[in-house]
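Listed below, chain by chain, are the residues.
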Amino acid sequence: MSEFLLQARELTKDFPVSGNRRVHAVSGVSLEIRDGETLGLVGESGCGKSTLGRLLLRLIHPTSGEVLFRGQSITGMSEKAFHPLRRQMQLVFQDPYASLDPRMSVRDLIAEPIINWRLCDGREAVTQKVVELLEAVGLQEEFLYRYPHQFSGGQRQRIGIARAIAVDPAFIVCDEPVSALDVSVQNQILNLLKALKSSRGLTYLFISHDLSVVRYLSDRICVMFLGKVCEIGPTEAVYRHPRHPYTRFLLDAVPLPDPSLRGKELRLLEGEPPSPTNPPPGCCFHTRCPHAQPRCAREAPPLRDIGEAQVACHFAEGL
Amino acid sequence: MPWNRRKRIERASDLRLESQIGEEERFGDLMRRMARENRTAMASFVIIVLMALAAILAPLLTPYAETDMDLLNRLAPPSAAHLLGTDEGGRDVLTRLLFGARVSLLIGVVPALLSLILGALMGVIAGYRGGMADAIIMRVADITLAFPSMLLAMVIMYSLGGGIVNVFLTLTLVNWANVARVVRSETLRIRSGAFVEAARVIGVSRDRIMRRHILPNCLPTLLVLFTLNIPTSILTESSLSFLGLGIQPPNASWGLMINTGRQYLYNAPWLCFAPGAAIMLIVLAFNFLGNGLLDVLDPRQKKQ
Amino acid sequence: MERMTLEVRHLFVRFRTEKGVITPVNDVSLQVPEGSIVGIVGESACGKSMTARAVMGLVRAPGEVTGGEIILCGRDIASLPEKARRQLRGSEISMIFQEPMTSLNPVMKVGKQVAEAVLLHSRCTWREARERTLAAFRDVEIPEPEARFDCYPHQLSGGLRQRVMIAMATVCKPRLLIADEPTTALDVTVEAQILKLLEKLRDASTSVLLISHNLGVIARVCDRVYVMYAGQIVEQAETEVLFKRPLHPYTQGLFWSVSSLREGCETLKTIPGVVPNLRHLPEGCSFSLRCDRCVAACEKEAPGLVEIEPGHAVRCLLATR
């Protein structure tokens, strides 16, 4: 048994778009997720973080590279051989409105994974198990025969979480689970996710564009830009001393709820993001980087150990 | 403190739901709810049942026989003896309408249902499986649609021979392709929804996803197709009869009655009017019943 | 006395549906002084967007404005006929929305869309309209405006699209720009750019009414803030005052939710329960059910908006005691 629950090796995924071009959604990403940790994945829209999450879950197949689950490659496996592992890896969706079948009652929604994996026998036992799960996510038994549209966003997200934990998975990808929710409800869901993690020994990949949410939940964080990892390391180290220029811009841009900081001149990222169909050569951030040197346009920087983190920048030490 | 804080918070989270039906519903409950909420649908249901009963009990309801000719009384207008008048052979129109209902109700409903089932199955498989299955099913459907439907029906009827079962088969084979096309595009739409991906994450098999998630969400479309298929079937049957391939005179079907009555439209309009009204009534009844059922079956429509 | 660009007095919006009447905007009064950015903050369904729509005259059936005055630069526009309201839109007041993709016509070049807005409100030739469009593009810092003029919306990034929307809304130099969650669909780095643009607009004497659920956005650019809950304003103050000393339990709950997340507390602070359905509001204070300091009086008596200190008003029985 390997110490890593999940490993990605040189994962690459291209999608064809019109006119014979390809979007490089994820290019050459390698990372490890340890048993029991939460890895936060941040980046802006279109940086490939959702695609990476789905690659790890084998919901889509990589163009090249492989994914290892407990040391065993799941990329080349047949559908049949992989099936038992499907249970181990679950997904919590961003949009709690679209991810629940509107025609199914809460009982049927949560019973679906239980019946599918024959975790209980008999209608009564299944219902009993559904009630337990409802309680585990903080919903009352009375909700059993209600339908998704009758719930608020936060309650729906709880149903989605109950479905994910129904099969006792080891690993859950949370794909922006709170970005569609109100502030007051968002914290309830984050508390729930944190409590479930410790009570059930879960490992999370937590994808979000909201840096404070990621900071709260994650042990380590991984910053992506244009399909590549630019910085990965322990959460506090990355937040305190961001090494990659992009990470710095990202952290600076977050508006703080403190009006006294208003006078401060902000360093803003200039220009437009490069196109993922035609990424710039070398370091893909060099077109917008204030520290760019001629070398950055020629050579793509590899991930290097700098302090506690790994950074993909030629000049990370000097910054 | 005079009140319990936890109770209050529960009330707060329960506000939007407090007057909701929270019980599991069985089929009887559904029908009762429809009777309560949608009168038109219930009335339609009653009309369909009455028509079916009338067709079954036809010999008891009328003193005449289906094929009794009375040549002295040809094309008689409605009267006390013949409530809906008589046709060109002096046969009682009401009697023929009742006996014709036996054939026409079956021909309206059974092939519409069969083509719906076949078409929905093919459409969902084509849409969800994609690839070869999609290519094969859709090309067969295209070929079916490329022939004029009357011609196709004639060819099939000729090779199968007469008889009501063969009429069912023919009409099903003519109509399924339309259903399959529409259901395929619905499937493609539903398939891209997040809840289908959610089911895949849980490990639900493809067959089960089609059965449990895609088909139920196609229901509204299927229902519209069903009600549209009923009159098409009834009228196609009449054309086949006209060509000597379906039900033969002196036996009656509504389509046949309209077809023969057409020649006397100016002298004896009741010949066309009676079966025409019957077809319209049955189609409307199925339509309203279908809409009512949809409302009742759709959880989003439940009254708050 | 400051000059007001917009003054809303006792605005009501009601929806009549089969299931009963709801009031998404319930006695809202607010002021936008000239040359300032005023924020409305609140969660989904609190009535903040509906207030904006009412000011624009864009409330759709079955909703209707059932009372109140909307005074734009000294003139009550709530009572104007529809045609006169339409002429105001785009020239005197403009609005930008959350999703810049759906607000632009996908089959029309963006430059042409903006130029048509110019032609609609002023007599000028196509050439002049084009010139003004390009000037507006430059104002909102769109790089290479000539090249972007002939782009279709899908060829632009989200940030550029929102810039085009702002250019379209401000090309006729309106007195007031209503921005309804303008950065919610955008990335943080782009959000920061757009917020800077809004500040630039304010300095060019267009007042801005900014609607957002994000306290960080509000804190960064707004001069004054209104907090809405269940169709009512529950607290209003200068931004510094509000962030330093929030008085309403709901405002406090929001602030604590955000700050406990930032500080990384073991268990995050939350506001219990869910955002209420307007059809089932409790008697008395609408926040009473979720409030942890609720006393018996709160469930009987609906509190009024009371000024605690100049410019700082709260709708809570406890804050006034």
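S.K.: For this particular structure, what's the right way to read the packing of helix α7 (residues 149-160) of chain B against helix α8 (residues 164-191) of chain B?
M.R.: For any two helices packed against each other, one specifies the crossing angle of their axes together with the interaxial distance. All names here are of chain B. Taken N-terminus to C-terminus, the directions of α7 and α8 make an angle of 145°; their axes are 9 Å apart at the nearest point. Once α7 is placed against α8, the crossing between them reads as right-handed. Of the residues in α8, those in contact with Ser149, Leu152, Ala153, Ile156, Met157 and Leu160 of α7 are Asn166, Leu169, Thr170, Leu173 and Val174. Looking at the contact of α7 with α8, its residues break down into eight nonpolar, three polar and no charged.

S.K.: Would you take a moment to explain the interface of chain A and chain C for this structure?
M.R.: Frequently, the measure chosen for interface size is the accessible area removed from exposure when the parts meet. Contacts between chain A and chain C engage 33 residues on the former and 37 residues on the latter. Counting only elements with at least two residues in the side of chain A that touches chain C, the list comes to α5 (153-165), α6 (183-200), α7 (211-217) and α9 (245-253) of chain A. Taken together, the residues of the side of chain A that touches chain C break down into 17 nonpolar, 10 polar and six charged.

S.K.: Before we go on, may I ask you to explain the sheet that holds strand β5 (residues 72-73) of chain A in this structure?
M.R.: The strands that make up a sheet are held in pairs by hydrogen bonds between backbone atoms, and each pair lies either parallel or antiparallel. All names here are of chain A. The sheet built from four strands is open, its strands ordered β2-β1-β4-β5 with antiparallel pairing. The open sheet has two edge strands with one neighbour each: β2 (21-34) and β5. Pairing analysis gives 10 bridges linking strand β1 (residues 4-17) to β2, with the strands arranged antiparallel. When the sheet's bridge partners are listed, Ala8 is paired in β2 with Leu31.

S.K.: Just checking my understanding: could you explain the confidence of the model for chain B for this structure?
M.R.: Low-pLDDT stretches of the model should not have their predicted coordinates read in fine detail. All names here are of chain B. The pLDDT averaged across chain B works out to 82; a share of 89% of its residues lies at or above 70. When mean pLDDT is taken per element in chain B, helix α6 (residues 131-146) scores highest with 93 and helix α1 (residues 5-14) scores lowest with 50. Below a pLDDT of 50 lies the segment residues 12-22, which in the model reaches 23 contacts outside its immediate sequence neighbourhood of four places, other chains included. This prediction of the complex comes with two scores: 0.84 for pTM and 0.84 for ipTM.

S.K.: So what exactly am I meant to see when it comes to the sheet that holds strand β3 (residues 38-42) of chain A here?
M.R.: Residues and elements named next belong to chain A. Pairing in this open sheet of eight strands is mixed, and the strands run β6-β7-β8-β3-β9-β10-β12-β11 from one edge to the other. Each having just a single partner strand, β6 (89-92) and β11 (304-306) make up the two edges of the open sheet. Across this sheet, the average inter-strand angle for adjacent strands is 20°, counted without regard to direction. Inspection of the sheet shows β6 paired to strand β7 (residues 171-175) by four bridges, in the parallel sense. Across the sheet, Val92 pairs through a bridge with Cys174, a residue of β7. Each of β3, β7, β8 (203-208) and β9 (220-225) is contacted by helix α1 (residues 49-56), which is oriented at about 155° to β8, the strand it contacts most.

Criteria and thresholds
Residues numbered from 1 in each chain as written. Chains lettered and ligands numbered in written order. Predicted model: local features only at pLDDT ≥ 70, side-chain atom pairs only at ≥ 80, totals over all residues. Axes fitted to C-alpha atoms, helices over the stretch in contact; angles between N-to-C directions. Helix = DSSP H or I, 4+ residues; strand = E, 2+ residues; numbered from the N terminus. Left-handed = near helix turned anticlockwise from the far one by under 90°. Contact = placed C-beta atoms within 7 Å. Nonpolar A, V, L, I, M, F, W, Y, C, P; charged D, E, K, R; others polar. Pairing = 2+ DSSP bridges. pLDDT = per-residue confidence, 0-100.

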